[in-house]
Amino acid sequence: MAKPPKSPAPFPSREKILEFIQNTPGNVGKREIARAFHLDSEQKRELKKLLRELTLHGSLQKGRGRNYTGPGELPEVTTLDIAAIDDAGELIARPVNWNDAETRPLIIMAPERRGQPALGIGDRVWARLTKIGEHNYKAKTSRRIAAAPPTVLGIFDMIDGSARIRPTDKRARSDFIVQVGDEMHAQPGELVRAEVTSGRRLGLRQAKVIERLDKFAGTKAISLISIHEHGIPDRFSNDTVAAAEAAGPAPLDKRVDLRDLPLVTIDGADARDFDDAVWAEQDPDTRNKGGWHLLVAIADVSWYVRAAKPLDLDAHDRGNSVYFPDRVVPMLPEALSNGLCSLVPHEDRGCLAVHMWIDADGNLRRHEFVRGIMRSAARLTYEQVDGARNGDPDDTTGPLLDDVIAPLYGAFEALQAARIRRGTIDLELPERKVKLDRKGNLIGIEPVARLDSHRLIEEFMILANVAAAEALENKNAPCM
């Protein structure tokens, strides 16, 4: 007598499937779930549909291959970017597809195997993860992978009906060929950025245009070529841009209120951001006859750029801002570099400031670092300040001449006298300035006159650095 057909096991609820994935170590895919709940072929099709729904709704995350993890969890093997080095010297990695910086888990990379080169910031690896805490992981490299397809900057051209890119990098040995449909409507003579693709045609490597930049002429093109050839990062991550745009003014809170002091910025006429401000007065202390009280304030960038956060990681990749005749590649997004971290006139700004007291001979007697809120009284240029000092004030410098500019020069003269007594070498190295017309075309290169206003700012900044060195030696400098 034939046995009756075996009835299928009951189909598991969503809650049971999620619980199984959450509590099962190792790889969990559709096969493991079906085996655990004894599902038949019809139920497996229903399971596939349910897993897709759970992934779309965020209840599950799709890992490597066909494996799944719970929300907020990482798969056993995943792709990581090496993002930072912590205070203990450990390499910190971040998942390449994890967009929420606030919930991003902490991933510490294990040392590489003996004989393998050490990982560095910017490297991308395929790594195996071991969970060591609720949101912490230890990662071990399985293999290194390219961070992104390589790109090429070049001039788009048509040769015998075939689209080509002639690289601007002189080290490139040949042109790249562009397939029909990959030109992005580029026109001959245009500067383009292209992504190198796999395969060859007519003996040449292939590339796909991803950005049309400009006609190959003028300083603008030269700057773009320099940025590309030197690997200068010129794009911020979405997390970094979002963090910069969400930032607000630094609160007064426990800061020292410096807004009543007429601090001024002194920069070149073409400066795009204002990082530091100065102020001075005759020292009212009778024990320091003929001495001066100086104040140097810089934008408190550290208030916005926190360790291992997106702004810090992108800034670490850059290291500094890069200046070209026609543009700046900033270390921080414009919302900060030209906004909250720029000491623009008549706007409250968080700052790190140092009070310094010097005697009549220009010797530093004491100093005090503070975090404060300042409000710049004016944005001045070197030429304006020097002109006012020499009897030719304008509408901006005239009202500031007696109470702001004159004391600055009084303190400068004391510092300059001390410099001469020390026998410090004053290197008068010639400086040149590139001049552009309104369209960005080069019209000349001119020498830059070195003024006493330049020297004034230099002396104030040197003294501030001396004070910082002493403070660090005595361990009483503010946390930067």
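Look up: the structure comes first, before these words.
This is a predicted model, so every value here is computed, not measured.

Caption draft 1: Seen up close, helix α10 (residues 452–473). When the terminal C-alpha atoms of α10 are compared, their 32 Å separation across 22 residues agrees well with the 32 Å that a helix rising 1.5 Å per residue should span. Buried within α10 are the following residues: Ser 453, His 454, Arg 455, Leu 456, Ile 457, Glu 459, Phe 460, Met 461, Leu 463, Ala 464, Ala 467 and Ala 471.

Caption draft 2: Focus on the pattern of salt bridges. Counted under the stated rule, the structure contains 18 salt bridges. One salt bridge connects Arg 259 with Asp 257, and the closest N-O pair in it is separated by 2.8 Å. A salt bridge links Arg 450 to Glu 458; the shortest N-O distance between them is 2.7 Å. Judged by its relative accessible area of 35%, Glu 458 is partly exposed. Residues participating in the shared-partner salt-bridge network are Arg 193, Glu 211, Asp 234 and Arg 235.

Caption draft 3: Representation of the nonpolar core within the structure. Core analysis: the largest hydrophobic core is formed by 32 residues, its most contacted members being Val 264, Ile 266, Val 278, Leu 294, Leu 408 and Phe 460. At the level of secondary structure, the elements contributing two or more residues to this core comprise β14 (264–267), β15 (276–282), β16 (292–299), β19 (348–358), β21 (378–381), α8 (382–389), α9 (401–422) and α10. The dominant element in this core, judged by the number of residues it contributes, is α9, at eight residues. For Phe 460, the residues in contact, after removing those within four places along its chain, are Val 278, Trp 279, Ala 280, Leu 294, Val 296, Met 356, Leu 408, Ala 411, Phe 412 and Leu 415. Counting 25 residues, the second largest nonpolar core, distinct from the first, contains Val 305, Ala 315, Leu 332 and Cys 341.

Rules and cut-offs
Residues numbered from 1 in each chain as written. Predicted model: local features only at pLDDT ≥ 70, side-chain atom pairs only at ≥ 80, totals over all residues. Heavy atoms only, no water. Helix = DSSP H or I, 4+ residues; strand = E, 2+ residues; numbered from the N terminus. Expected span 1.5 Å × (residues − 1). Buried < 20%, exposed > 50% of the residue type's maximum accessible area, 1.4 Å probe, protein only. Salt bridge = Lys/Arg side-chain N within 4 Å of Asp/Glu carboxyl O. Core = buried A, V, L, I, M, F, W, Y, C linked by side-chain atoms within 4.5 Å. Contact = heavy atoms within 4.5 Å.

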